[in-house]
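Descriptive structure summary
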Amino acid sequence: MRSPVLALTAGEPAGIGPDLCLSLATQAHDAGLVVVADRDLLAERAAQLGLDVTLNDWSDGDTPAMAAGQLSVLTVPGLASRQAGTLDAANSAYVLRTLETAVQGCQSGRFDGMVTAPVHKGVINEAGIAFSGHTEFLQAQCGVDRVVMMLATEGLRVALVTTHLPLRDVADAVTPERLTQVTRILDQDLRRFFGLASPRILVAGLNPHAGEGGHLGREEMDTIEPTLAQLRSEGIALTGPLPADTLFTPKWLDEADAVLAMYHDQGLPVLKFKGFGRAVNITLGLPIVRTSVDHGTALDLAGTGQADSGSLHTAIDYAVHMARQHRNQRRG
Ligand SMILES: NC(=O)C1=CN([C@@H]2O[C@H](COP(=O)(O)OP(=O)(O)OC[C@H]3O[C@@H](n4cnc5c(N)ncnc54)[C@H](O)[C@@H]3O)[C@@H](O)[C@H]2O)C=CC1
Ligand SMILES: NCC(=O)COP(=O)(O)O
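Computed from a predicted model, the values in this text were never measured in an experiment.

On to the pattern of salt bridges. Under the definition given, this model contains 11 salt bridges. Close ionic contact of Arg-2 with Asp-112 constitutes a salt bridge, the shortest N to O distance being 3.0 Å. Placement of Arg-2 in the segment before β1 (5-9) and of Asp-112 in the loop between α3 (92-108) and β5 (113-116) is noted, with a sequence separation of 110 residues between them. For Arg-110, the salt bridge identified is with Asp-60, shortest N-O distance 3.4 Å. One end of the pair, Arg-110, is in the loop between α3 and β5; the other, Asp-60, is in the loop between β3 (54-57) and β4 (70-75), with 50 residues separating them in the sequence. Here the residues in one salt-bridge network are Arg-2, Asp-112 and Arg-327, joined through shared partners.

Next comes the structure, spelled out in structure tokens:
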């Protein structure tokens with residue numbers, strides 16, 4: 001079976017994304033990787049890092065370079081500036097074009113999946129473009145109602161009911177509809193991509209002590225418990241809502257396949273404490289495969305050679321696995 005061909009978007013040009021993409025060329029890999037970025041940016045950053053990499057222009061139908069020292073590039077025009085460490089809002093349209101190019105390539109079958117290096121959400125908004133993250137952007141690009149952000153590292157998977165929302169808005173966003181959609185997607189994609197026949201999901205409460213019987217918030221009693229009861233009747237294996245402060249302990253985790261947290265900073269600090277640098281961010285519920293690194297743009301490290309590529313390797317490994325599953329399922 002041929003190796004999956006993955007689009008790898010290099011992300012924010014001032015960040016470590018280009019460095020990490022280039023670092024992949026220091027060794028042979030078993031996936032076909034096509035870096036979607038400005039070619040001159042990659043050439044300049046390679047020189048800055050002292051990396052001897054041959055950049056090969058890739059076009060549809062080409063077999064991507066897989067040997068050490070070689071990198072295939074699908075160049076995207078429109079980059080305004082390319083200074084490591086210095087953000088430029090004029091680059092934002094280019095950054096989003098790299099994502100659109102990768103999505104279109106996945107939709108047309110040129111790519112078996114996409115892996116994303118980090119973008120800078122703030123600078124894209126400074127360019128006047130409303131953007132809260134790849135996750136939400138890809139949901140819109142693919143025209144689906146709901147996707148789910150799940151981060152995974154060895155021994156722990158954490159999915160989120162809400163993603164990039166101000167904390168002030170989180171409680172209102174935890175509706176029966178959203179919780180139902182997210183839980184069904186999580187259950188279905190754990191089966192689809194990870195071979196779990198009946199995924200066991202731990203669900204966190206929203207409030208301290210899962211609401212303390214309504215004395216510290218009523219969302220558990222009014223929304224979460226009845227929604228979980230309905231989902232259990234559909235055959236989804238759910239435990240909770242559990243107090244989030246003690247959920248992440250072996251007593252619970254040893255008997256579970258994933259945790260569903262209500263919001264970003266309820267679940268992700270635990271995941272990153274366990275596996276920062278070896279974790280992957282996966283968008284579930286998309287018609288295409290998309291994985292990403294577990295970290296941000298690290299502007300302080302761009303162009304220094306200090307960026308750790310561990311998470312990018314994890315993201316590629318997961319994308320290869322998921323792309324194979326996806327391909328097998330489409331073949332029936
Ligand atoms: N997938 C994506 O596109 C993501 C984008 N971001 C964005 O990145 C920007 C910066 O976010 P921060 O909160 O500062 O997080 P960050 O992950 O960029 O940096 C946090 C700390 O981790 C270090 N670090 C990050 N990646 C590293 C690596 N590969 N090797 C070694 N050290 C590394 C940084 O130097 C810094 O000290 C924000 O705009 C944020 O929205 C954040 C997370 C994911
Ligand atoms: N904390 C995860 C993160 O910020 C990355 O989100 P996304 O850009 O993958 O949606």
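Before going further, it helps to examine the UniProt feature "binding site: a divalent metal cation" (unreviewed entry) in the chain. In the numbering used here, UniProt assigns the "binding site: a divalent metal cation" (unreviewed entry) feature to His-164, His-209 and His-264. Over a stretch of 101 residues, the named residues are scattered through the fold, their C-alpha atoms separated by up to 23.4 Å. Within the secondary structure, His-164 sits in the loop between β7 (156-160) and α6 (167-173). Apart from the residues lying within four places of it in its own chain, the contact partners of His-164 are Lys-121, Ser-132, Gly-133, Glu-136, Met-149 and His-264. Reaching out from His-164, the side chain makes a polar contact with the backbone oxygen of Ser-132 at a distance of 2.9 Å. With respect to the secondary-structure elements, His-264 resides in helix α11 (residues 264-275).

Parameters at a glance
Residues numbered from 1 in each chain as written. Chains lettered and ligands numbered in written order. Predicted model: local features only at pLDDT ≥ 70, side-chain atom pairs only at ≥ 80, totals over all residues. Heavy atoms only, no water. Salt bridge = Lys/Arg side-chain N within 4 Å of Asp/Glu carboxyl O. Helix = DSSP H or I, 4+ residues; strand = E, 2+ residues; numbered from the N terminus. UniProt positions renumbered as here; feature names shortened; annotations may be inferred. Contact = heavy atoms within 4.5 Å. Polar contact = N/O pair within 3.5 Å; in protein donor to acceptor, adjacent residues only side chain to side chain.

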